[in-house]
Amino acid sequence: MPNLTPPPTFIANNSWWPAETDQWIDLKSNPAAHKQLVETIRQATTDAFKNGTATSEVIIGYAITIDYLLWHAWFTHGLHKSNAALIAVGGYGRAELHLYSDIDLMILLGKDFEDKFKQKLTEFLTFLWDSGLDIGHSVRTVKDAVTESKKDITVITAIMEARALCGNISLFNELKNATAPNKIWNSKRFYLAKKEELQARHEKYGDTFYQLEPNIKEGPGGLRDIQFIDWITKRHFNTRMLSDLIKHGFLQEEEYNQLRYAQEYLWKIRFSLQLIARRREERLLFDHQIELARASGYNNLNSNLAVEQFMQNFYRHIAECAHLVELLDENFEETCLPTRFKKREKVINNRFVSRGDVLYARNDKVFQNTPSALLELFLLMQQNKRLTKVSSDTIRLIHKNLHLIDDNFRKSAENRNLFVEILRQPKRIARELKRMHRYGVLAAYWPTFARIVGRMQYDLYHVFTVDQHILAVLQEACRLSDNTKTDKNTYAIFSQLPKPELLYLATLFHDVAKGRKGDHSSEGADEAIEFCLDHGLSQYDAELVGWLVQNHLEMSMTAQHKDTSDPAVIDAFADKVSNLIGLNYLYLLTIADIKGTNPTLWNNWRATLLLELYQATATQLRAGVPQDSSSLVQALQKSALDQLVKFGHTQTECELFWKELDNDYFLRHSDDEIAWHTHTALEAKQSDHPQVRIRQLTSRGCTEIFIYDRDKRYLFANITDCLHNLGLTVLDARIITSSKGHALDTFIVLDQDNKPIESKKRCQQLEQYITNTLLNSDIKKDASTTYISRRLRHFQAAPNVEIKNSPQTALTSLHIQATDFPGLLARIARVLAELEIKIHGARVSTLGEKAHDIFYVTTSDDKKITDRTLQESLIEKITQRISVPTPPTDQCINL
């Protein structure tokens, strides 16, 4: 028997563990018993983990135990007499084996490997598979292995980590010698290939460790990043363990401890995850996050769910890991590939120098002698456009001196001026604030920010943690100042800002109070005002920043959830904003906030909604008084008539048709929409069939469907169900009924891929399909079958239905918040039809997993819904119809 490491006590101290060779020989002839032994080993390994054994001991102990199984199988199948070697590669080669991981093997064959052993080798592998072991293997000669390793970076990486288990060990030594760095893949070439591999992997996961469902192995900050450092240093220093890097001077002892702690933490999460999933799983899916939080001992708090606490802790760990790997990667380039850094030193000031694009501290005492240099460094990085990196030794000095950022440091006028000056720079603000965050300086200088580092919100709408969201919003706000990255209208508005730094301060504070019991906008506003005054801003500027934080959701809510064609809505919003300066700041903050919340949220439709609200409000503020609605209607009709005359229509017939419509219709539509609708209606005079027209709204990035038909009780319900069946997403709906009983219904939609319907042929097919459906619709048919995605199952909430009657309007507004699912709108519409509720318009908004739909309705005789019984019946029926069953929760494990 080779000199195998003894199995761990949680295995060896059991009576079922085969202690004698004869027992192993018996197992060879009894595959069922061997399979039972494998299951028993796995259960003992699981029990050891649940009983508190360190995860590193568990996975190393499991790997060692598998060594025994493989050695005895190799021996009992007679392969010890062959000229072959059994080699462990991959994670198993590192002696790190999780229960559901593949057991990767390389079988090396000598030149005189005899044919009679080929069958034994096949029987050996079959025996292992029949035992329930997940074996992955390759069979190669040394020459084959060397040839493959020259071509494939993954093969040479596997060989570097390989361990010889049994057989002819000289074959393994021959392979190691033939693949040494002086033969193939020298240190520099290997590093560049692994760095390219790392960058491609990071790009695949969005270059962020803040994923809603992060991959703990492959994602940024995950186990692969730690292995990256291990691999490149193994190749360069010829080390076997990470701890060996300390004596080489590459790794500081504290950094080694950080890496080991991060690895142990991720191993524990991974082991727990796979126990819950009962399979090999590397993703922290929503299916498992709640169970992991429970198993880790977290409990729901009033303002912080258990899963949010668990994920905040997780994000903080992988962020620290990612930042450390970044530092060590930079250190490797500087110290192990010095030819890249042979640049002439250029003195910047008494504290810093540069070499090429890298900033260096001039000595180890820089921050001790001048603590303000901890902020000055970032200002210098902004002001010197050639600088893109900070040296690894300087980063280490920053970490070492973070304790200098105390209350006295924060109260220093010099440091406060430095921080504001960073926000006043014309370029690279977001880049350096992000760097400040990575190095720990931002959280140290601004303790409020430290509280929300890694904090997540358990929904599909917020794809970033709060700290990353704030910095993403800041970055989007900074991009608005670049005319190459924003549209000309937005850039023109940004150019009018008297002090852009006020916008940037508002982005920093707008969500910083998330996770507290109170209103985060109000608390953030109070803190913003205090911060601004402490940092030397005027009372006016401080209050403007506070007002922006307090109202940062107002413009988005108004644009997406209110009927902005209603002059009363514009009047109320203009009163709240009060002046053009505030409107400009709020408009830009709203754009940046939406873009920085979720990359999929911003589209031409939302851009148009905000711009139209901005323009209408700006007009109102410039005029000083609300625009007279009658003069606005006259202007719209005149412009529409100019277009209709070109289609051959007379002024008389147009005005006659318009008499069927009240002013509300004209106020809710543009002049070209009025002309389009009128042309369609006048052409349809001789037909009883519904008229369906589709056109592109290129500027809005969506498609408009107009339906002109005799009004019927279930018309809107049938239309929405039809649109659902076609896979169309409804963004907006305007419902008008003429005095002669015709419906003029307009729907703004996107196709299944969230894009406008671009094919003219498809538009024609849709027109025909909708027409046929409306001609043959069955009013008794309920909305189509509901389905929900895997992700959506974990974010279901009870629907919230509210009925509101405002004295400023003749309509009742019906507000519905619910878990979004295909067919939701159709189900609501059918309930309204059943209760004979008349729909005048709808505003549809979906954010992540949540739908917020607003319907403007009346009774069938055009009166507000004020009857208490009808209101209760309406709320009850909608709630019942749109509720989606909650799936059962899997039983969790206890860690």
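The rules behind each value
Residues numbered from 1 in each chain as written. Predicted model: local features only at pLDDT ≥ 70, side-chain atom pairs only at ≥ 80, totals over all residues. Heavy atoms only, no water. Helix = DSSP H or I, 4+ residues; strand = E, 2+ residues; numbered from the N terminus. Buried < 20%, exposed > 50% of the residue type's maximum accessible area, 1.4 Å probe, protein only. Contact = heavy atoms within 4.5 Å. Areas by Shrake-Rupley, 256 points an atom, 1.4 Å probe, with all protein chains shown as cover. Lys, Arg positive; Asp, Glu negative; His and termini not counted. Charge placed at Lys NZ, Arg CZ, Asp CG, Glu CD. Phe/Tyr/Trp six-rings, centres within 6.5 Å; stacked < 30°, edge-to-face > 60°. Lys NZ or Arg CZ within 6 Å of the ring centre and 35° of its normal. Polar contact = N/O pair within 3.5 Å; in protein donor to acceptor, adjacent residues only side chain to side chain. Axes fitted to C-alpha atoms, helices over the stretch in contact; angles between N-to-C directions. Parallel < 35°, antiparallel > 145°, perpendicular 65-115°, else oblique. Left-handed = near helix turned anticlockwise from the far one by under 90°. Nonpolar A, V, L, I, M, F, W, Y, C, P; charged D, E, K, R; others polar. Pairing = 2+ DSSP bridges. Salt bridge = Lys/Arg side-chain N within 4 Å of Asp/Glu carboxyl O. pLDDT = per-residue confidence, 0-100. Disulfide = S-S within 2.5 Å.

1. Here we look at the overall build of the protein chain
Part 1 of the reasoning: The number of helices and strands found in the protein chain is 40 helices and 16 strands.
Part 2 of the reasoning: Across its three principal directions, the C-alpha atoms of the protein chain cover 105 × 70 × 50 Å.
Part 3 of the reasoning: Evaluated residue by residue, the protein chain yields a buried proportion of 56% over its 895 residues.
Part 4 of the reasoning: Counted over contacts in the protein chain with a minimum sequence separation of 6, partners at least 24 positions apart contribute 71%.
Part 5 of the reasoning: Taken as a whole, the protein chain presents about 39700 Å² of accessible surface, with 47% of it coming from carbon and sulfur.
Part 6 of the reasoning: Positive and negative side-chain charges of the protein chain, numbering 109 and 113 respectively, have mean locations separated by a distance of 5 Å.

2. Considerations on the packing of aromatic side chains
Part 1 of the reasoning: Taken as a whole and assessed by the stated rule, the structure comprises 29 aromatic pairs.
Part 2 of the reasoning: Note on F716 and F855: the rings are 6.4 Å apart at their centroids and 90 degrees apart in plane angle, and the pair reads as edge-to-face. Of the two residues, F716 sits in helix α37 (residues 715-725) while F855 sits in strand β16 (residues 850-858), which places them 139 residues apart along the sequence. Like F716, the residue F855 is buried in the burial classification.
Part 3 of the reasoning: Through a chain of ring-to-ring contacts, three or more aromatic side chains come together here, namely F409, F419, Y445, W446, F449, F509 and F531.
Part 4 of the reasoning: The residue whose ring lies beneath R163 is Y92, and the NZ or CZ to ring-centre distance is 5.2 Å.
Part 5 of the reasoning: R695 extends its terminal NZ or CZ atom over the ring of W676, reaching a point 4.3 Å from the ring centre.

3. Some points on helix α39 (residues 824-834)
Part 1 of the reasoning: Within α39, 10 of the 11 residues are buried, leaving the element largely enclosed by the surrounding structure.
Part 2 of the reasoning: For α39, the complete set of buried residues consists of L824, L825, A826, R827, I828, A829, R830, V831, L832 and A833.
Part 3 of the reasoning: Among the residues trailing α39, E836 stands out with phi positive, at a value near 60 degrees.

4. Some points on the environment of Y856
Part 1 of the reasoning: In this fold, Y856 is placed in strand β16.
Part 2 of the reasoning: Linking Y856 and Q199, residues 657 residues apart in sequence, is a C-alpha distance of 51 Å.
Part 3 of the reasoning: Beyond its immediate chain neighbours, meaning those up to four positions away, Y856 contacts H561, K562, D563, L811, T812, S813, K838, I839, H840, G841 and A842.

5. Digging into the side chain of T858
Part 1 of the reasoning: Mapped onto the secondary structure, T858 falls in strand β16.
Part 2 of the reasoning: Side-chain polar atoms of T858 contact the side chain of H840, separated by 2.8 Å.
Part 3 of the reasoning: Contacts of T858, omitting those with residues within four sequence positions, involve A810, L811, I837, K838, H840, K863 and I865.

6. Looking at the packing of helix α3 (residues 31-50) against helix α13 (residues 253-277)
How two helices pack is summed up by the angle between their axes together with the distance between the axes.
Part 1 of the reasoning: Taken N-terminus to C-terminus, the directions of α3 and α13 make an angle of 125 degrees; their axes are 12 Å apart at the nearest point. In terms of orientation, α3 and α13 fall into the oblique class. Crossing hand, α3 versus α13: left-handed. Here α3 contributes T45, T46, F49 and K50 to the contact with α13, which in turn contributes K268, F271, S272 and L275.
Part 2 of the reasoning: A per-class count over the contact of α3 with α13 returns 3 nonpolar, 3 polar and 2 charged.

7. Concerning the environment of I276
Part 1 of the reasoning: Here I276 shows up in helix α13.
Part 2 of the reasoning: For the pair formed by I276 and Q425, sequence separation is 149 residues and the distance between their alpha carbons is 50 Å.

8. A word on unusual backbone geometry
Part 1 of the reasoning: Of note, the phi angle at W185 is positive, near 45 degrees, even though the residue is not glycine.
Part 2 of the reasoning: Counting through the fold element by element, W185 comes out in the loop between α9 (169-178) and α10 (187-204).
Part 3 of the reasoning: Of note in this structure, N238 is not a glycine but carries a positive phi near 60 degrees.
Part 4 of the reasoning: Inspection of the secondary structure puts N238 in the loop between α11 (223-237) and α12 (244-247).
Part 5 of the reasoning: Taking relative accessible area as the criterion, N238 reaches 70% and is therefore assigned exposed.

9. Topic: the sheet that holds strand β8 (residues 389-390)
Part 1 of the reasoning: The 4 strands lie next to each other as β5-β6-β7-β8, forming an open sheet whose pairing is mixed. Two strands lie at the open edges of the sheet, namely β5 (345-347) and β8, each paired on one side alone.
Part 2 of the reasoning: As paired strands, strand β6 (residues 352-355) and strand β7 (residues 358-361) are joined by 4 bridges and run antiparallel to one another. Across the sheet, V353 pairs through a bridge with Y360, a residue of β7.
Part 3 of the reasoning: Helix α17 (residues 373-383) rests against β6, β7 and β8 of the sheet, and its axis sits at about 35 degrees to β6.

10. A look at the packing of helix α29 (residues 554-561) against helix α30 (residues 567-577)
Part 1 of the reasoning: Relative orientation of the contacting elements α29 and α30 amounts to 175 degrees, with a least axis distance of 12 Å. By the angle class used here, α29 and α30 are roughly antiparallel. Residues E554, M555 and T558 of α29 touch α30, and the partners they reach there are V569, F573 and K576.
Part 2 of the reasoning: In terms of residue class, the contact of α29 with α30 is built from 3 nonpolar, 1 polar and 2 charged.

11. Observations regarding the pairing of β6
Remark: a regular strand shows side chains that alternate across the two faces of the sheet.
Part 1 of the reasoning: Pairing analysis gives 3 bridges linking β5 to β6, with the strands arranged antiparallel. Bridged to E345 within β6 is R355.
Part 2 of the reasoning: The antiparallel hairpin formed by β5 and β6 contains 4 residues in its connecting segment.
Part 3 of the reasoning: In sequence, β6 turns back onto β7 through a hairpin of 2 residues, with G356 there showing a positive phi of about 65 degrees.

12. Remarks on the side chain of D541
Part 1 of the reasoning: Counting through the fold element by element, D541 comes out in helix α28 (residues 539-550).
Part 2 of the reasoning: Setting aside residues up to four positions removed in sequence, D541 forms contacts with K499 and L502.

13. Describing the pairing of β7
Part 1 of the reasoning: Side chains of β7 alternate between two faces, with V358 and Y360 and L359 and A361 buried alike.
Part 2 of the reasoning: The pairing of β7 with β8 spans 2 bridges and is parallel. Bridge pairing links L359 to V390 in β8.

14. Considering the sheet that holds strand β1 (residues 84-88)
Part 1 of the reasoning: The 4 strands lie next to each other as β3-β2-β1-β4, forming an open sheet whose pairing is mixed. Of all the strands in the sheet, the pair left with one neighbour each is β3 (135-141) and β4 (163-167). Averaged over all adjacent pairs, the angle separating strand axes in this sheet is 25 degrees, with direction ignored.
Part 2 of the reasoning: Sheet topology note: the β1/strand β2 (residues 103-109) ladder contains 5 bridges and is antiparallel. Opposite I87, over in β2, you have M106 as the bridge partner.
Part 3 of the reasoning: Sitting on the sheet, helix α6 (residues 116-130) is in contact with β1, β2 and β3, with an inclination near 165 degrees to β3.

15. Notes on the pattern of salt bridges
Part 1 of the reasoning: Scanning the model with the defined rule gives 49 salt bridges in all.
Part 2 of the reasoning: Three or more residues are tied together by salt bridges with common partners; here these are D672, E673, R695, E704, D732 and R734.

16. What to know about the environment of E527
Part 1 of the reasoning: Mapped onto the fold, E527 is located in helix α27 (residues 520-534).
Part 2 of the reasoning: In this structure, the C-alpha to C-alpha distance between E527 and G546, residues 19 residues apart in sequence, is 8.0 Å.
Part 3 of the reasoning: When residues no more than four places from it in sequence are discounted, the contact partners of E527 are T448, F509, V512 and R516.

17. Points about the confidence of the model for the protein chain
Part 1 of the reasoning: Mean pLDDT over the protein chain: 89, with 94% of residues reaching 70 or higher.
Part 2 of the reasoning: Within the protein chain, α17 carries the highest mean pLDDT (98), whereas strand β15 (residues 838-847) carries the lowest (77).

18. Topic: the state of the cysteines
Part 1 of the reasoning: Inspection of every chain in the model, using the stated rule, returns 0 disulfides.
Part 2 of the reasoning: Distance from the sulfur of C702, which forms no disulfide, to the nearest cysteine sulfur (C763) is 12 Å.
Part 3 of the reasoning: Looking at C763, the relative accessible area reads 8%, which means it is buried.

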